[in-house]
Amino acid sequence: DGAVLEQYHQYRTYHGCAMPIPTQRASITAWSDDEHVRANRALYRRKFDRVLPVLRPVIEVERPAGGFYLWLNVGGDDVAFTAGLFAGQNVTVVPGSFLARATEQGNPGTGYVRISLVAAEEECVQAAGRIREFITSRGRKP
């Protein structure tokens, strides 16, 4: 029944799947230790400190209050920007329109790309340089 499956799809979208018991046990250990959290926060601060100055001259970008993503307003088609960036600079970002659903007001991710700073620090800096080069090569600031 398509109607039942559609409701289930909606439910699964918000609840995901159950975590296996070994993963739950590992999580208990990880959540009980804050030293890795402090180290990870310091690592992300360094990444933001190095990546933001590379991107700011060519595109408006802000340090997030939390998280490890940067959101760039690419001033237009986020899917085309993503494809062009990959083709031209071999850098993968995610179109913002892929990360939200269309509403009556439109898709809030449209026109943005999400950059994840989970790679090693030097890789993030190198990727930021490639993104900057791609934006500059387009001859206009998004």
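Fair warning: this is a prediction, and the values are worked out from it, not measured in the lab.

The rules we used
Residues numbered from 1 in each chain as written. Predicted model: local features only at pLDDT ≥ 70, side-chain atom pairs only at ≥ 80, totals over all residues. Heavy atoms only, no water. Helix = DSSP H or I, 4+ residues; strand = E, 2+ residues; numbered from the N terminus. Rg over C-alpha atoms; globule rule 2.2 N^0.38 Å. Buried < 20%, exposed > 50% of the residue type's maximum accessible area, 1.4 Å probe, protein only. Contact = heavy atoms within 4.5 Å. Areas by Shrake-Rupley, 256 points an atom, 1.4 Å probe, with all protein chains shown as cover. Lys, Arg positive; Asp, Glu negative; His and termini not counted. Charge placed at Lys NZ, Arg CZ, Asp CG, Glu CD. Expected span 1.5 Å × (residues − 1). Arc of directions from axis to C-beta. Core = buried A, V, L, I, M, F, W, Y, C linked by side-chain atoms within 4.5 Å.

1. Some thoughts on the overall build of the protein
Then, number 1: Of the regular secondary structure elements, the protein holds five helices and three strands.
Then, number 2: Against the globule reference of 14 Å for 142 residues, the protein gives a C-alpha radius of gyration of 19 Å, more extended than a compact globule.
Then, number 3: Based on the C-alpha atoms only, the size of the protein along its principal axes is roughly 50 × 45 × 25 Å.
Then, number 4: In the protein, buried positions account for 26% of the 142 residues.
Then, number 5: Nonlocal contacts in the protein, meaning residues at least 24 apart in sequence, comprise 59% of its contacts between residues at least 6 apart.
Then, number 6: Surface accessibility of the protein: about 9,600 Å² in total, with carbon and sulfur atoms responsible for 56%.
Then, number 7: When the 17 positive and 15 negative side-chain charges of the protein are each reduced to one mean point, those points stand 4 Å apart.

2. A word on helix 3 (residues 35-55)
Then, number 1: For helix 3, built from 21 residues, the straight-helix expectation of 30 Å at 1.5 Å per residue is met to within 8% by its first-to-last C-alpha distance of 30 Å.
Then, number 2: All of the buried residues along helix 3 are Y44, K47, F48, V51, L52, V54 and L55. Angular distribution of buried residues about the axis of helix 3 spans 135°; they occupy a single face of the element.
Then, number 3: Those residues of helix 3 that are buried are in contact with strand 1 (69-73), strand 3 (112-116) and helix 5 (121-137).

3. Quick look at the environment of V118
Then, number 1: For V118, the position within the fold is in the loop between strand 3 and helix 5.
Then, number 2: Sequence separation between V118 and T136 is 18 residues; the distance between their C-alpha atoms is 24 Å.
Then, number 3: Those residues within four positions of V118 in sequence are excluded, and the remaining contacts are Y44, K47 and F68.

4. As for the nonpolar core
Then, number 1: Counting residues in hydrophobic clusters, the biggest one holds 25 residues, and the most contacted among them are V51, L55, L70, L72, I115, L117 and I131.
Then, number 2: Of all elements in the fold, only helix 3, strand 1, helix 4 (78-89), strand 3 and helix 5 reach the threshold of two or more residues within this core.
Then, number 3: Not counting the four nearest positions on each side in its chain, L117 is found in contact with Y44, K47, F48, V51, F68, L70 and C124.

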